[in-house]
Amino acid sequence: MGKNTDMARAKARRLKGMIKEADGIALDNERMKAEGRREQAEARREEARARAARSASHG
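An account of the accompanying structure is given in this report. (Residues numbered from 1 in each chain as written. Predicted model: local features only at pLDDT ≥ 70, side-chain atom pairs only at ≥ 80, totals over all residues. Heavy atoms only, no water.)

Things to note about the packing of helix α1 (residues 3-27) against helix α2 (residues 30-58)
With their axes 7 Å apart at the nearest point, α1 and α2 run at an angle of 165 degrees to one another. The orientation of α1 relative to α2 falls into the category roughly antiparallel. In the packing of α1 onto α2, the handedness of the crossing is left-handed. For the contact of α1 with α2, a count of residues per class yields nine nonpolar, six polar and 19 charged. (Axes fitted to C-alpha atoms, helices over the stretch in contact; angles between N-to-C directions. Helix = DSSP H or I, 4+ residues; strand = E, 2+ residues; numbered from the N terminus. Parallel < 35°, antiparallel > 145°, perpendicular 65-115°, else oblique. Left-handed = near helix turned anticlockwise from the far one by under 90°. Nonpolar A, V, L, I, M, F, W, Y, C, P; charged D, E, K, R; others polar.)

Observations regarding the side chain of E39
Its location among the elements puts E39 in helix α2. The contact partners of E39, leaving out residues within four places of it in the chain, are R13, K16, G17 and K20. (Contact = heavy atoms within 4.5 Å.)

Next up, the structure:
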């Protein structure tokens with residue numbers, strides 16, 4: 001998979017986590033809020049890996 005594709009997937013996953021967290025807030029659902037925050041954190045790690053891979057290939 002390409003580095004740009006990895007970054008796009010990670011950003012989409014982060015957005016999904018944001019939406020899930022917002023839904024949890026609106027529904028007063030702690031579990032949904034926590035899942036959303038977890039997805040966002042995982043996506044940020046994926047974005048960092050994609051950025052590192054991209055910078056390594058350009059170095």
